[in-house]
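Observations on the model geometry
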Amino acid sequence: MVRAGHARLGIALLLAAWASPGLTQQSQTQDLLEIWQMAVQRDPIYAASQAERNAEQEKIPQARAQLLPYVTADGVAEQNDRRRISGLNDNNGEGRALWSLTLTQPIIDLSAWGGLQRAEYVAGLADVQQANAYQELILRVAQAYFDVLAAQDTLRALKAEKEAVDTQLRAARQGFELGSTTIADTYEAQARLDLINASELLAENVLQLSVDQLARLINERPGKLATLPSNTVLPSPAPNRLTDWVEQARHSSLTVTHAELATKIAEKQIDIAKSEHYPRLSLQAQTGSATDRGLYNTDGGPRSLNSSIGLQLSIPIFTGGEISSVVREQTSRLQKARYELENAKRQAVQSTQRHFSGVTSGLARISALRAAEQSSLASLQANKTGYEVGVRINIDVLNAQQQLFETQRSLARARYDTLMNGLRLKASSGVLTDQDIVAINELLSAHP
């Protein structure tokens, strides 16, 4: 009981903080665009994708370096000390110092050229992965934002239903005291009130968890959030034809683009593996000097300076079957990549169809729930009037109240789900941008 009391107190303070901007860190209402801008700067998952993308871009200069000249320097200094066994003090020592400078410039190296092209594909793949992380961040922010609004709507509806049931309970008690109703009416209202209290505790916990999830994205507790007015007309998909969205998804979906690049990388891996059979030609220039002057002898000694330049040709003749095995391995990996590409296309089409249906059916469901809300409200009023004149019983009023508030909660959830399906539809087609956040943000209002 103590823990439940503390939890309810925490939720009450949180709701009071939202109602009183002066008690929060934010002095003004935060909208979806502001939350999004904060998440772009603070979300660790997106930041990790940016770091991964920057790391993969370095594959290009690393591969290019295999085609550019490189210089190595070598040096050796040694001292030899020889002694006779018969007289260890009779020694003969000499020192030697060598140094060389070598420049190597690859001229023909098909494997290195293939590696550079592969690196460019890998860098492009990293760009696609970051773009996908950007879209995922949009979806995560919007989902977390709407989850908080939905939890607030649910809790608000439960509180309104609780107040209505409490009023009905007092009326039932008064009617029983006056003898116009039975004790059953009181028990029915009390049971309904107890159920609502249990649902309210659950709704408060869901609200707390939703706020925690949003706080994780922006690394701070959100303030009062802008809401979606109940009379807002949600937009239809543009274009409003499924075939257009499916065609867009086949060509522009990030999952399809990712799979296409993975297939090109696999194809290039085969070329690289085959190129190991080909000869390599490089230019090599070397200069260096040697002296057999003693290391500790200050007297001059003979010295030499050698320089050379030439072409070095390397032809693999037999590698134990390794190259052929690698070619077979990469061929199988190419088949795997092509199957994954086909699966990505089918998945993109299926996802597009599902989310397009989610938007269109969601809009129709919203319209139906609006009509149901009006009907439920009329039914509640009629049952209240019938109860007052004695043609309806208490349970009829309670059921009508429950139906109305359940309809309102379903309506609120349907609006948020429809907006999310619209965002996911664009994500599955590869056209989701921050402008879609701006468009949804214009539908929100700072006043509930």
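Note that the structure is a prediction, hence the values are computed from the model and not measured. (Residues numbered from 1 in each chain as written. Predicted model: local features only at pLDDT ≥ 70, side-chain atom pairs only at ≥ 80, totals over all residues. Heavy atoms only, no water.)

Some points on the overall build of the chain
In plain terms, the rule: Helix and strand assignments follow DSSP, with helices taken as H or I runs no shorter than four residues and strands as E runs no shorter than two, numbered in order from the N terminus. Buried means the residue's accessible area, taken with a 1.4 Å probe over protein chains only, is under 20% of the maximum for its type, while exposed means over 50%, and partly exposed covers the values in between. By definition in these notes, contact holds between two residues if any of their heavy atoms fall within 4.5 Å. Areas reported here follow the Shrake-Rupley algorithm with a probe of radius 1.4 Å; residue values treat only the protein chains shown as occluding.
When its secondary structure is counted, the chain shows 11 helices and four strands. Relative to its full complement of 448 residues, the chain shows a buried share of 37%. Nonlocal contacts in the chain, meaning residues at least 24 apart in sequence, comprise 82% of its contacts between residues at least 6 apart. In the structure as shown, the chain presents an accessible area of about 25400 Å², 53% of it carried by carbon and sulfur atoms.

Considerations on the environment of A142
Take A142: it is sitting in helix α5 (residues 110-178). Ignoring any residue separated from it by four or fewer positions in sequence, one finds A142 in contact with L32, M420 and L423.

Concerning helix α11 (residues 434-441)
Rules: An arc is given here, and it is the one of the directions from the helix axis to the C-beta atoms.
All buried positions along α11 are accounted for by D436, I437, I440 and N441. Buried residues in α11, looked at end-on, bunch into an arc of 140°, giving them a common side. Check the buried side of α11 and you find it contacts α2 (32-42), α5 and α10 (394-428).

What to know about the side chain of Q135
Within the element layout of this structure, Q135 appears in helix α5. What makes Q135 buried here is its relative accessible area of 6%. Filtering out sequence-adjacent residues up to four positions away, Q135 remains in contact with L254, A427, G430, V431 and L432.

Section: a nonpolar patch on the surface
Heads up, the rule is: Patches here are clusters of residues that have more than 30% relative accessible area and form no salt bridge, with a 9 Å joining cutoff for like charges and a 5 Å cutoff for nonpolar side chains (Val, Leu, Ile, Met, Phe, Trp, Tyr). Any carboxyl oxygen of Asp or Glu that lies within 4 Å of a side-chain nitrogen of Lys or Arg is treated as forming a salt bridge with it.
The grouping of I107, I108, L110, W113, Y278 and L311 at the surface amounts to a nonpolar patch, some 600 Å² of accessible area in total. When residues of the nonpolar patch are traced back to their parent elements, those giving at least two are β2 (91-108) and α5. Relative to the helices and strands, Y278 is located in the loop between α8 (254-275) and β3 (280-291).

Notes on the nonpolar core
Nonpolar side chains in soluble globular proteins tend to end up buried together. Selection rule: Nonpolar core, defined: a set of buried Ala, Val, Leu, Ile, Met, Phe, Trp, Tyr and Cys residues in which side-chain atoms within 4.5 Å join the residues together.
Formed by 51 residues in total, the largest nonpolar core has its most connected members in V141, Y145 and F146. In terms of residue count, α5 provides more of this core than any other element does, 17 residues in total. Beyond its immediate stretch of four places on either side in the chain, F146 contacts R413, Y416, L419, M420 and I440.

Observations concerning the packing of α2 against helix α6 (residues 183-218)
Going by this rule: Angles run from 0 to 180 degrees between N-to-C directions of axes, and those axes are lines fitted to C-alpha atoms, restricted for helices to the stretch in contact. Roughly parallel refers to an angle under 35 degrees, roughly antiparallel to one over 145, roughly perpendicular to one between 65 and 115, and oblique to any angle outside these ranges. When residue character is reported, Ala, Val, Leu, Ile, Met, Phe, Trp, Tyr, Cys and Pro are called nonpolar, Asp, Glu, Lys and Arg charged, and the others, Gly included, polar.
In the contact formed by α2 and α6, the axes pass within 7 Å of each other and the chain directions differ by 55°. Classified by the angle their axes make, α2 and α6 are oblique. Counting all contacts with α2, which are made through I35, M38, A39 and R42, the residues of α6 involved are L214, L217 and I218. Classifying every residue of the contact of α2 with α6 gives six nonpolar, no polar and one charged.

Some thoughts on the confidence of the model for the chain
What counts, and what does not: For every residue, the predictor assigns a confidence score, pLDDT, that lies between 0 and 100.
Mean pLDDT over the chain works out to 86, with 87% of the residues at or above the 70 mark. Across residues 1-26, confidence stays below pLDDT 50; counting only partners more than four residues off in sequence or on other chains, it has 30 contacts. Every residue in residues 294-298 scores below 50 in pLDDT, and together they form six contacts with partners more than four places removed in sequence or on other chains.

Re the pattern of salt bridges
When charged atoms on two side chains of opposite charge get close, those side chains can pair. On inspection of all chains with the given rule, the structure shows 20 salt bridges. Of the charged contacts in the structure, one is a salt bridge between R346 and E342, with a shortest N-O distance of 3.0 Å. Taken as a pair, R346 and E342 lie in helix α9 (residues 322-389) at a separation of four residues, close to a single helical turn. Between R413 and D417 there is a salt bridge, with the nearest N and O atoms lying 3.3 Å from each other. Residue R413 and its partner D417 are both found in helix α10; the two are separated by four residues, about one turn of the helix. Since its relative accessible area comes to 29%, R413 is described here as partly exposed. Linked through salt bridges whose partners overlap, the residues forming this network are D109, E276 and R280.

Side note on unusual backbone geometry
Following A238, the chain continues to P239 via a peptide bond in cis, the omega torsion being 5°. Its identity is not glycine, yet N219 carries a phi of approximately 65°, on the positive side. In this structure, N219 sits in the loop between α6 and α7 (242-252).

Let's talk about the layout of surface pockets
For the record, the criterion: Any residue with an atom within 4 Å of a point lines the site, the site being either a cavity, points on a 1 Å grid over the protein atoms alone where a 1.4 Å probe fits but cannot get out, or a pocket, an open set with protein on both sides within 12 Å along at least 5 of 7 lines. Grid points are joined across faces, edges and corners, and a volume is the space filled by probe spheres set on the points.
Roughly 400 Å³ of internal volume is contained in the largest pocket. What lines the largest pocket is a set of 16 residues, among which D153, R156, S230, A412 and R415 lie closest to the centre. Every element with two or more residues in the lining of the largest pocket is listed here: α5, α9 and α10. Considering each element in turn, the lining of the largest pocket owes the most residues, six residues, to α10. Here the lining of the largest pocket is built from residues that sort into seven nonpolar, three polar and six charged.

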